[in-house]
Amino acid sequence: MSDITTSSSLKHDLNENPDGLDFSSLPPIFVLATHLELDALHQIEEDLVKRGARLTYDISEARLVLGRIGQKKRAALELRSRGVWTEEVPVSAAPLRTSPERPVKRRRVDGVQPGKQPVAQLEDIDLGTETEGEEDGMRSLHDTRGHLRRPRSISPDRASVASTPSLTSSVATALEDHEQGDLVTVAKLDWFSEVLRTGTLVSLDPFVVYRGRRTPQPASEASADKSKGILERAKHDAMARPAAPPPTSRFASRRSREPHDGPSSQGHPPKLYRQTTSENDEEVPLPPPPDWVKNRAMYACMRSAPLHPPNEAFILQLVKIRKIRELTLDEIGVRAYSTSIAALAAYPYQIRRPSEILTLPGCDSKIAALFAEFKASEHGTLAAAAALDTDPVLKTLHLFWNIWGVGAKTARDFYYKRQWRDLDDIIEHGWDSLSRVQQIGLKYYDEFLQGVPRPETEAIAATITRHANRVRPHAAYDGRGVECIIVGGYRRGKELSGDVDLILSHRDESVTKNLVVDLVASLEADGWITHTLALHMTISHREQQPLPFHGDDTGRHFDTLDKALVVWQDPHFEDDGETAAEDGGEPQPPEGHERQRRKRNPNIHRRVDIIISPWRTVGCAVLGWSGDTTFERDLRRYAKKAHGWKFDSSGVRERTSGGQVIDLERGGATWEERERLVLEGLGVGWRPPQERCTR
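Residues numbered from 1 in each chain as written. Predicted model: local features only at pLDDT ≥ 70, side-chain atom pairs only at ≥ 80, totals over all residues. Heavy atoms only, no water.

A. Main features of the overall build of the chain. In terms of helices and strands, the chain carries 27 helices and 21 strands. Looking at the chain as a whole, 49% of its 695 residues are labelled buried. Counted over contacts in the chain with a minimum sequence separation of 6, partners at least 24 positions apart contribute 76%. Carbon and sulfur atoms form 50% of the exposed surface of the chain, whose accessible area is close to 33,100 Å². (Helix = DSSP H or I, 4+ residues; strand = E, 2+ residues; numbered from the N terminus. Buried < 20%, exposed > 50% of the residue type's maximum accessible area, 1.4 Å probe, protein only. Contact = heavy atoms within 4.5 Å. Areas by Shrake-Rupley, 256 points an atom, 1.4 Å probe, with all protein chains shown as cover.)

And the structure:
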């Protein structure tokens, strides 16, 4: 009974015209979802319908498009991304005829009249928070900004307000050419806001962003669509489209088919897999499932995942889809794909049929359907993954995301709010607004994207070890001195690493205290470090003691180790102003002259992370910096679920009983032994770093 009442009430509200404005003579109107929260979008659509507007949810039928955009190129892109191809029409070729009444002097609008509801606009608020959650491990070291969105009322600074009381008599006449022809006008949503605010006709001219004439779809695009249709028909036996549940409202129905806040960057949802009888009739039986499959082990840290698994080609396609989810701020989708990818990476056999995927924990019919598409494709690709390389919006967002110091939220801010479309736009129009870290990331953009080979990683580690023992000469009393452990992708066996991650430790805590400051100063003095991006001394300020767990530990999402994030460059190169050393050592300046550089250092810049760990928790540090993201995420989740502990690279702590530190490394003579003791103490069991490649 309550559902019927609610439905009737909604129908009554939609049919009620609160202010007498009549939009019925206007051509079909389409409202863009870009830069609008879903609730605000639905409210605008309802306000239009209440006043008799012919609201359409098919943009190909629209003659007037309202949106929160302000540039011609962006307006054309919004139309094109929704399948409407246009060419710009000069104003003189398609004039917007307005009321013959004399023009009214423009006045500044500073407020909102009582009783009128302003249209909501989104305001971005910067927050300096980390992106990694304690339980899910969603960390991005180079994501330094966050945003919250909140609605605020708007009023245009300047708007032409006509005195004509009739809305349809003027604006409908202005758009009559669009109604009968193939023209489409894109106008700012502020026009509708001003009409509601004043209750009178507002000239559309100042709000028009773009006017275009529809053109046929280019042959290349039409050919691609045709090929895609053929592929879909070829997969018909293995794929089945699920029946869509009834939408809660007609506005939700329309928007469920269009991604929020931008063009079609997400693509269509994959079809669900439906097992066919032919799969059960295959003569070759499936291989025996691993124990973790039979036991439904959900945690990635409880199974081995090699660097190059048998299903690597399919996994790489899923990784691209996960990247799209990250760029569109779909955190749930990122976690779901990460779980599925980790299970596929651990599966020791080449998958032959989609039904095999359904046996893996964390993989559902959606992943099985994607595998069916992957197998049916000519080159082993997925349409949803290809969007990362073909969709213009995603390509630009990915371009921005690759700037060190820019995460997905900031990349979207660059694209949608600041309207930047390439790196040159950032340099030309926004350089001064960037943080120092982002400026450095942009300056060395191409160099940071080049992988670091293993021999170069080893050479960097050797130089840092030498300088660490130089600034702590007394550390050699134990015969070992300051030890350096290369972690990250190098330790997992990757031939090329995105950056270099190193952990330094010593059995004497007086050696590691403040070591990061002295080490960075020494490396900078010799020219190895060109920029220091971040320097943390948390554990030195705590006298090398692990931090007990405090409640939810809000704000402490990574670890509390001393660390320096730096830009590295080999200062040695052949130069006319230098004399090379005969013994292969560092070049020396000519006698009697100061060494002078005659050319710029051509050596590539690298990203290097130097982490300092006290010996008592070095096993946790090495473990926390050696696994892939999903492995580390599930290691934290398992520690909480199985023991009620909090694990990170700075130690293990109880979540209850006062949050005391738990020493799992007692008795380990080497850092290798101490890492093994931590894994065994957590109940995971030893797994070498080459088997922690969950992608």
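Here the narrative resumes, following the displayed structure.
B. The arrangement of the side chain of Asp425 in detail. For Asp425, the location among the structural elements is in helix H18 (residues 423-430). No salt bridge is formed by the buried Asp425. Its closest oppositely charged neighbour is Arg421, at 6.6 Å. When sequence neighbours within four positions are dropped, the list of residues in contact with Asp425 reads Gln419, Trp420 and Gly430. (Lys, Arg positive; Asp, Glu negative; His and termini not counted. Salt bridge = Lys/Arg side-chain N within 4 Å of Asp/Glu carboxyl O.)

C. Broad picture of the side chain of Thr560. Here Thr560 lies in the loop between helix H24 (538-541) and strand E17 (562-568). For Thr560, a relative accessible area of 5% translates into the label buried. Engagement of the side chain of Thr560 in a polar contact is seen with the side chain of Ser650, the distance being 3.4 Å. (Polar contact = N/O pair within 3.5 Å; in protein donor to acceptor, adjacent residues only side chain to side chain.)

D. Up close: the pattern of salt bridges. Here the structure, examined in full by the defined rule, presents 29 salt bridges. The salt bridge partner of Asp518 is Arg472, with a shortest N-O separation of 2.8 Å. In this pair, Asp518 is assigned in helix H23 (residues 515-525) and Arg472 in the loop between helix H21 (454-471) and strand E13 (483-486), connecting sequence segments 46 residues apart. Using a relative accessible area of 32% as the deciding quantity, one classes Asp518 as partly exposed. The exposure class assigned to Arg472 is buried, which follows from its relative accessible area of 8%. The salt bridge partner of Arg633 is Asp634, with a shortest N-O separation of 3.0 Å. This pair shows no difference in class: Arg633 is buried, exactly as Asp634 is. Taken together, the shared-partner salt bridges in this structure form one network comprising Arg74, Glu78 and Arg82.

E. Spatial organisation of the packing of H21 against H23. H23 packs onto H21 with a crossing angle of 115 degrees between their chain directions and a minimal axis gap of 9 Å. One way to sum up the angle between H21 and H23 is to call them roughly perpendicular. For the crossing formed where H21 meets H23, the hand is right-handed. Contacts between H21 and H23 involve Thr463, Ile464, His467, Ala468, Arg470 and Val471 from the first element and Leu515, Asp518, Leu519, Ser522 and Leu523 from the second. For the contact of H21 with H23, the class distribution of residues is six nonpolar, three polar and two charged. (Axes fitted to C-alpha atoms, helices over the stretch in contact; angles between N-to-C directions. Parallel < 35°, antiparallel > 145°, perpendicular 65-115°, else oblique. Left-handed = near helix turned anticlockwise from the far one by under 90°. Nonpolar A, V, L, I, M, F, W, Y, C, P; charged D, E, K, R; others polar.)

F. Structural detail: unusual backbone geometry. Positioned with a positive phi, His35 is a non-glycine residue whose angle comes to about 65 degrees. Within the secondary structure, His35 sits in the loop between strand E1 (29-31) and helix H2 (38-50). We note that Asn514 has phi near 60 degrees; this positive angle belongs to a residue other than glycine. Note on placement: Asn514 falls in the loop between helix H22 (509-512) and H23.

G. Just the sheet that holds strand E9 (residues 208-214), in detail. The five strands lie next to each other as E1-E2-E8-E9-E3, forming an open sheet whose pairing is mixed. The strands lining the two open edges of the sheet, one partner per strand, are E1 and strand E3 (86-88). Strand-to-strand, the axes of this sheet are offset by a mean angle of 30 degrees, without reference to chain direction. Judged from the three bridges that link them, E1 and strand E2 (residues 64-67) form a sheet pairing that is parallel. Along E2, the bridge assignment pairs Val31 with Leu66. Along the sheet, helix H3 (residues 72-81) contacts E2, E3, strand E8 (183-188) and E9; its crossing angle with E9, the most-contacted strand, is approximately 45 degrees. (Pairing = 2+ DSSP bridges.)

H. Representation of the environment of Arg653 in the model. Within the secondary structure layout, Arg653 lies in strand E20 (residues 651-654). A distance of 3.2 Å separates a polar side-chain atom of Arg653 from the backbone oxygen of Gly651.

I. Local environment of the packing of aromatic side chains. Under the counting rule described, the total for this entry stands at 12 aromatic pairs. Residues Phe23 and Trp191 carry aromatic rings whose centres are separated by 6.3 Å and whose planes lie at 75 degrees to one another, so their mutual orientation is edge-to-face. Note that Phe23 is positioned in the loop between helix H1 (2-15) and E1 and Trp191 in helix H6 (residues 190-198), a separation of 168 residues in sequence. Both residues of the pair, Phe23 and Trp191, count as buried. Residues Tyr415 and Tyr416 carry aromatic rings whose centres are separated by 5.0 Å and whose planes lie at 75 degrees to one another, so their mutual orientation is edge-to-face. We note that Tyr415, like Tyr416, is buried. By the ring-pair criterion, three or more aromatic residues cluster together here, those being Phe23, Trp191 and Phe192. Cation over ring: Arg303 sits above Trp292, and NZ or CZ is 5.0 Å from the ring centre. The ring of Tyr415 carries Arg421 above its face, with NZ or CZ at 3.6 Å from the centroid. (Phe/Tyr/Trp six-rings, centres within 6.5 Å; stacked < 30°, edge-to-face > 60°. Lys NZ or Arg CZ within 6 Å of the ring centre and 35° of its normal.)

J. Molecular detail of the nonpolar core. Formed by 27 residues in total, the largest nonpolar core has its most connected members in Ile464, Leu502, Leu504, Leu523, Trp568, Val608 and Ile610. Of the residues forming this core, the biggest block, five residues, is contributed by H23. By size, the runner-up hydrophobic cluster in this structure holds 25 residues, among which are Trp292, Ala345, Ile351 and Ile367. (Core = buried A, V, L, I, M, F, W, Y, C linked by side-chain atoms within 4.5 Å.)

K. Inspection of helix H14 (residues 365-376) at higher detail. The end-to-end C-alpha separation of H14 is 16 Å, in line with the 16 Å expected for 12 residues at 1.5 Å each. Residues of H14 that are buried: Ile367, Ala368, Ala369, Leu370, Phe371, Ala372, Glu373 and Phe374. Between the side-chain oxygen at the start of H14 and the backbone nitrogen of Lys366 there is a gap of 3.1 Å, and the oxygen is on Asp364. (Expected span 1.5 Å × (residues − 1).)

L. Looking closely at the sheet that holds strand E15 (residues 500-505). Spatially, the five strands line up as an open sheet ordered E13-E15-E18-E17-E16, and their pairing is mixed. This sheet does not close on itself; its edge strands, each paired only once, are E13 and strand E16 (529-536). Taking each pair of neighbouring strands and ignoring which way they run, the sheet shows an average axis angle of 25 degrees. The pairing of E15 with strand E18 (residues 606-612) spans five bridges and is parallel.

M. Broad picture of the environment of Asp190. The topology assignment puts Asp190 in helix H6. For Asp190, a relative accessible area of 18% puts it in the buried group. The spatial distance from the C-alpha of Asp190 to the C-alpha of Arg68 is 7.8 Å, given a sequence separation of 122 residues. Reaching out from Asp190, the side chain makes a polar contact with the side chain of Arg68 at a distance of 3.0 Å.

N. Structural view of H2. Helix length check: H2 (13 residues) gives 18 Å between terminal C-alpha atoms against 18 Å at 1.5 Å per residue, within 8%. Within H2 the residues assigned to the buried category are Ala40, Leu41, His42, Ile44, Glu45, Glu46, Asp47, Leu48 and Val49. Directly beyond the C-terminal end of H2, a positive phi value near 85 degrees is found at Gly52.

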